[in-house]
Amino acid sequence: MMKLETVVVEQHDKVAVVTLNRPDKRNAMSPQLHLDMVEVLEALRDRPDINVVVITGSDPAFCAGMDLKEFFLANREDNTRFEKAYRAAVEWRGRTLRYYPKVTIAMINGDCFGGAFSIVEGADLAIAANEARLGLSEINFKIFPGGSVSKSLANLLRPRDALFYGLTGRPFDGVEAARIGLVNYSVPKAELKQNVMELAAEIGSKDGEALRATKDGYRLSLEMSWEASMDYTLAKQDQLTLRQRGAWQDQGIGNFLDKKYKPGLGSLDS
Ligand code: ACO
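Residues numbered from 1 in each chain as written. Predicted model: local features only at pLDDT ≥ 70, side-chain atom pairs only at ≥ 80, totals over all residues. Heavy atoms only, no water.

## Remarks on the site of the ligand
Surrounding the ligand, one finds 18 residues, the nearest of these being Lys 25, Ala 64, Met 66, Gly 115 and Ser 137. In this structure, Lys 25 approaches the ligand through a side-chain N or O atom, which is 2.5 Å from an oxygen atom. Contact distances for the ligand include 3.1 Å between an oxygen atom and a side-chain N or O atom of Arg 26. Contact with the protein chains hides 61% of the accessible area of the ligand, taken as 920 Å² for the molecule alone. Of all the elements in the fold, those that place two or more residues in the shell around the ligand are α2 (68–73) and β7 (111–113). (Near = heavy atom within 4 Å. Polar contact = N/O pair within 3.5 Å; in protein donor to acceptor, adjacent residues only side chain to side chain. Areas by Shrake-Rupley, 256 points an atom, 1.4 Å probe, with all protein chains shown as cover. Helix = DSSP H or I, 4+ residues; strand = E, 2+ residues; numbered from the N terminus.)

## Section: the sheet that holds strand β1 (residues 2–3)
Spatially, β1-β2-β3-β4-β6-β8-β11 is the arrangement adopted by the 7 strands of the open sheet, whose pairing is mixed. Here the strands that pair on one side only, and so sit at the sheet edges, are β1 and β11 (185–187). Looking at chain direction, strand β6 (residues 103–108) and strand β8 (residues 125–129) are connected through 4 bridges and run parallel. From the neighbouring strand, Ile 105 faces β8, where its bridge partner is Leu 125. (Pairing = 2+ DSSP bridges.)

## Some thoughts on the environment of Lys 69
The residue Lys 69 is located in helix α2 in this model. The spatial distance from the C-alpha of Lys 69 to the C-alpha of Ala 28 is 9.7 Å, given a sequence separation of 41 residues.

## Topic: the side chain of Asp 216
Mapped onto the elements, Asp 216 comes out in helix α9 (residues 208–221). For Asp 216, a relative accessible area of 10% translates into the label buried. With residues near it in sequence (within four places) discarded, Asp 216 still touches Ser 221, Tyr 232 and Lys 236. (Buried < 20%, exposed > 50% of the residue type's maximum accessible area, 1.4 Å probe, protein only. Contact = heavy atoms within 4.5 Å.)

## Describing the side chain of Ser 30
Here Ser 30 shows up in the loop between β3 (15–20) and α1 (31–44). Look at Ser 30 and you get buried, because its relative accessible area is 2%. In this structure Ser 30 touches Thr 6, Arg 22, Asp 67 and Glu 70, once residues within four positions along its chain are discounted.

## What about empty space enclosed by the protein?
Enumeration over the complete set of coordinates arrives at 2 cavities of 30 Å³ or more. Here the largest cavity defines a volume of roughly 50 Å³. Forming the boundary of the largest cavity are Glu 209, Arg 212, Ala 213, Asp 216, Lys 236, Gln 239, Leu 240 and Arg 243. Elements with a contribution of two residues or more to the lining of the largest cavity: α9 and α10 (226–244). Within this model, the second largest cavity holds a volume of roughly 30 Å³. In terms of lining residues, the second largest cavity is bounded by Phe 117, Glu 121, Ser 152, Leu 153, Leu 156, Leu 157 and Leu 182. Secondary-structure elements contributing two or more residues to the lining of the second largest cavity are α4 (116–122) and α5 (149–156). Per-element accounting of the lining of the second largest cavity gives the leading share, 3 residues, to α5. Classifying every residue of the lining of the second largest cavity by side-chain character gives 5 nonpolar, 1 polar and 1 charged. (1 Å grid on protein atoms, 1.4 Å probe; cavity = no way out; pocket = protein on both sides within 12 Å on 5 of 7 lines; lining within 4 Å. Points joined across faces, edges and corners; volume = space filled by probe spheres on them. Nonpolar A, V, L, I, M, F, W, Y, C, P; charged D, E, K, R; others polar.)

Here it is, written out as structure tokens:
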């Protein structure tokens, strides 16, 4: 469907799979990869035929973090070039993913280090292979989780886990990632793709506007007072009604009252 220098995009029904594609470099994030991700996310954001975006890596890795050579060393003497790459790097993994109008799932198929934690945190859901290797390797090369990574850790992890792994730099597997809440769950690598694609298809079959409102309601309420959140979600409900032309009332509630399905047990089509 779309092939850029460092990223490949495929579509399966309402699901787009975005694959970081520098396997020889373990999908480390070069400045070009950041620019490609900005372009891909921009291209997908308004597509009405897509409800879910899965982000993964070309085997064997998910993403080995920043490209230590191309991101840090190559731009060492050129602040302007570095800041351009830095801005793209923090924006797509941070604000863009967090407020993205599609549901996003990080599928962690293999090695996931440092800056890749911000992809995981920016995504709405994350599923890992049991065998994946993850780690905050920064301390091992005399630096710290900079850029958006410290904030990602603060958003997602309990303080003890964030500091334990940040201070030791010890690698851990997908099972441990699930235990500490970095991912939703982990499965054997052999089952990962099928598992995630089934989950993505299940979510993708729901109403796209309702999915978006679910994300926005959660993410923006985190930043609001109770009063502001009540007013926001009321306005959001009106927006949803308008955008769906009343589908949640007419079809959603209507089909329940006509005894066609029980929403407590699934959607009408599930
Ligand atoms: N930046 C640039 N190149 C990388 C990176 C990276 N982050 N990670 C791997 N590569 C390159 C290697 O240099 C090597 O390139 P070469 O074949 O041209 O020599 C190639 O990818 C394969 O790497 P290997 O080390 O041979 O692969 P292996 O599977 O044995 O190990 C591992 C993978 C564990 C990911 C290892 O490469 C590693 O420790 N990489 C660094 C991970 C890291 O610390 N990332 C930075 C986090 S901090 C941040 O993102 C700000």
